[in-house]
Structures are given as C-alpha cells and as structure tokens.
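Residues per chain are reported as follows:
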Amino acid sequence: QVQLVESGGGLVRPGASLRLSCAASGLVFSFDTMYWYRQIPGKQREMVALIARDGYTNYADSLKGRFTISRDNVSNTMWLQMNSLKAEDTAVYYCKAEYKRWILSSSTDAWGQGTLVTVSS
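Here's what I pulled together on the structure shown here.

Cut-offs and rules
Residues numbered from 1 in each chain as written. Predicted model: local features only at pLDDT ≥ 70, side-chain atom pairs only at ≥ 80, totals over all residues. Heavy atoms only, no water. Salt bridge = Lys/Arg side-chain N within 4 Å of Asp/Glu carboxyl O. Helix = DSSP H or I, 4+ residues; strand = E, 2+ residues; numbered from the N terminus. Buried < 20%, exposed > 50% of the residue type's maximum accessible area, 1.4 Å probe, protein only.

### A word on the pattern of salt bridges
And step 1. In the structure shown here, the tally under the stated rule is five salt bridges.
And step 2. Where Asp89 meets Arg66, a salt bridge forms, and the shortest distance between an N and an O atom there is 2.8 Å. Pair noted here: Asp89 is in the loop between strand 8 (77–82) and strand 9 (91–100) and Arg66 is in the loop between strand 6 (57–59) and strand 7 (67–72), with a separation of 23 residues, a long-range link.
And step 3. Exposure remark for Asp89: the relative accessible area of 1% places this residue in the buried category.
And step 4. A salt bridge links Asp109 to Lys96, with the shortest nitrogen-to-oxygen separation between them at 3.8 Å. Remark: Lys96 occurs in strand 9 and Asp109 occurs in strand 10 (residues 108–111); sequence separation between them is 13 residues.
And step 5. Exposure remark for Asp109: the relative accessible area of 41% places this residue in the partly exposed category.
And step 6. A residue is classified by how much of its surface remains accessible, and Lys96, at 8% relative accessible area, is buried.

The quantities given are spatial measurements derived from coordinates; they are silent on function.
Printed below as a string of structure tokens:
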C-alpha cells in the first residue's frame, strides 16, 4: 500500500521560514511527479509546486521566489522550503505523488493526510 506522510507544519510568525517534508513509501515501480498542494480555509485546494523525477519544477505564479520544492529519489522524500511566510499562507499543505505500481501500469495518484501551517503574530 502506498503511503505519503507529511511533516513539518506548525505555528510560525510572519516572515519566518518553515520546511515541510513528505515521505513516500510502498511497493511501487516508481514515484514520478510529486506535488505540494494547499487548502486555505474556505477555498479550494490549489497546487503550490510540482517536481518531476528528473528534477523539473514548476510553481504557482504567486509563490515563485518564496517557496522551493526539492526531492530525493533514493529515499522517496520531497520537501517544500517556505520562506518569508505570510498570514495568507496559512493552510493545510498536502503532498501528492503520481506512481506506477508496475513498469507497464498506468499512473495512479496518492495523497498524504496534510499538515497544518499557521502563520500568525
């Protein structure tokens, strides 16, 4: 069974930094593109950033320059470095991974349970 576990959330003051982690596990052929999403209270879940297995990254336009996504393909771990945090970054942050169970299987999504980030003075 594929499992994604996020960690690193918490309460921080505006301007602070925080690093989220997402550990992926399970018997799969490969974890491919991985994502960070967030859901701000009262709003729809939105994509924050993605990182492909080859290291290609893409970010939500509004977050470029403050957030950095990275991953380690050996440990199947992904991180989100968040700098200069603002109150409007308060949200539950989720990781998602596309994976293939076998070499010829189609891609499937797995989600983590989310980690809460609260930015408040």
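What follows picks up the thread again.
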